[in-house]
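Read off the chains here:
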Amino acid sequence: QQPVQSPQAVILREGEDAVINCSSSKALYSVHWYRQKHGEAPVFLMILLKGGEQKGHDKISASFNEKKQQSSLYLTASQLSYSGTYFCGTGTGGYQKVTFGIGTKLQVIP
Amino acid sequence: DGGITQSPKYLFRKEGQNVTLSCEQNLNHDAMYWYRQDPGQGLRLIYYSQIVNDFQKGDIAEGYSVSREKKESFPLTVTSAQKNPTAFYLCASSTTWGSGNTIYFGEGSWLTVV
């Protein structure tokens, strides 16, 4: 079943922070986060595995709440280059496929 | 450099024609995937292959066919049975099958029916 992302779209000014949420109705084994510019390949950001971990690099980080079956992506001090559509993908088991949400469109303006 | 190469980038198909999208990877990955992307619908899985000489239908396999004769190659044929083939197609791969593995994507192919 497809994970639900929120918000569907968000506009930020440079330097502002954003949070994108990804929720599932099923217990999760993994959560994947990608950013995609229009007409380009999705770029891998990070993967979080069962265990309730948090990951981050530079100003982008994510958390995985296993009990709530959700993950959040945190974008800090946004830059123009952060613009794009953010997808989460979820897996319900180690030998299951990854199912992607419909994406959150993020636009950073000067 | 290691990566996934898709070709062509843009393809136009006349109604009733079959077309084949090429996907080659030099990452030595066992698993390969084909996704379709339409506006507002995210990425939908068409076919996947866990290992060479094996492939499985994904969520929207009708009107598509694949082969996996070599580890590095996973071509997708869009047949005339696919009624609405205009979309952005993404090939991907991962080290092995399973949701604990990072999926890497190619640059994509735009298919338009004219």
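Preceding block: the structure.
Residues numbered from 1 in each chain as written. Chains lettered and ligands numbered in written order. Predicted model: local features only at pLDDT ≥ 70, side-chain atom pairs only at ≥ 80, totals over all residues. Heavy atoms only, no water.

Engineer: Give a description of the sheet that holds strand S3 (residues 19-25) of chain B that names residues and reports values.
Structural biologist: Residues and elements named next belong to chain B. Spatial strand order, S1-S3-S8-S7: 4 strands in an open sheet with antiparallel pairing. The two strands at the open ends of the sheet, each matched to only one other strand, are strand S1 (4-7) and strand S7 (64-66). The mean inter-strand angle of the sheet, taken between neighbouring strand axes irrespective of direction, is 20°. Relative to strand S8 (residues 76-78), S7 is paired through 3 bridges, and the arrangement is antiparallel. Opposite valine 66, over in S8, you have leucine 76 as the bridge partner. (Pairing = 2+ DSSP bridges. Helix = DSSP H or I, 4+ residues; strand = E, 2+ residues; numbered from the N terminus. Axes fitted to C-alpha atoms, helices over the stretch in contact; angles between N-to-C directions.)

Engineer: Please give an account of the packing of aromatic side chains that cites residues and values.
Structural biologist: Considering all chains together, one arrives at 13 aromatic pairs over all chains under this definition. Here the aromatic cluster, defined as three or more aromatic residues joined through ring pairs, consists of Tyr34(A), Phe44(A), Phe100(A), Tyr33(B), Tyr35(B), Tyr48(B), Trp97(B), Tyr104(B) and Phe105(B). (Phe/Tyr/Trp six-rings, centres within 6.5 Å; stacked < 30°, edge-to-face > 60°.)

Engineer: So what's going on with the interface of chain A and chain B? Which residues, and what values?
Structural biologist: Buried accessible area, meaning the area lost when the parts come together, often serves as the stated size of an interface. Between chain A and chain B, the contact holds 26 residues from the first and 22 residues from the second. Between chain A and chain B lies a buried interface of about 1,800 Å² when both sides are counted; carbon and sulfur atoms form 59% of it. One can count 1 salt bridge joining chain A with chain B. Of the charged contacts in the structure, one is a salt bridge between Lys97(A) and Asp59(B), with a shortest N-O distance of 2.3 Å. In this assembly, chain A and chain B are joined by 10 residue pairs in polar contact (both at pLDDT 80 or more). Within the residue set of the side of chain A that touches chain B, elements represented by two or more residues are strand S4 (30-36), strand S5 (43-49) and strand S9 (84-91) of chain A. Looking at the side of chain A that touches chain B, the element that brings in the most residues is S4(A), giving 4 residues. Considering only residue class, the side of chain A that touches chain B consists of 12 nonpolar, 12 polar and 2 charged. (Contact = heavy atoms within 4.5 Å. Buried area = accessible area lost by both parts, 1.4 Å probe. Salt bridge = Lys/Arg side-chain N within 4 Å of Asp/Glu carboxyl O. Polar contact = N/O pair within 3.5 Å; in protein donor to acceptor, adjacent residues only side chain to side chain. Nonpolar A, V, L, I, M, F, W, Y, C, P; charged D, E, K, R; others polar.)

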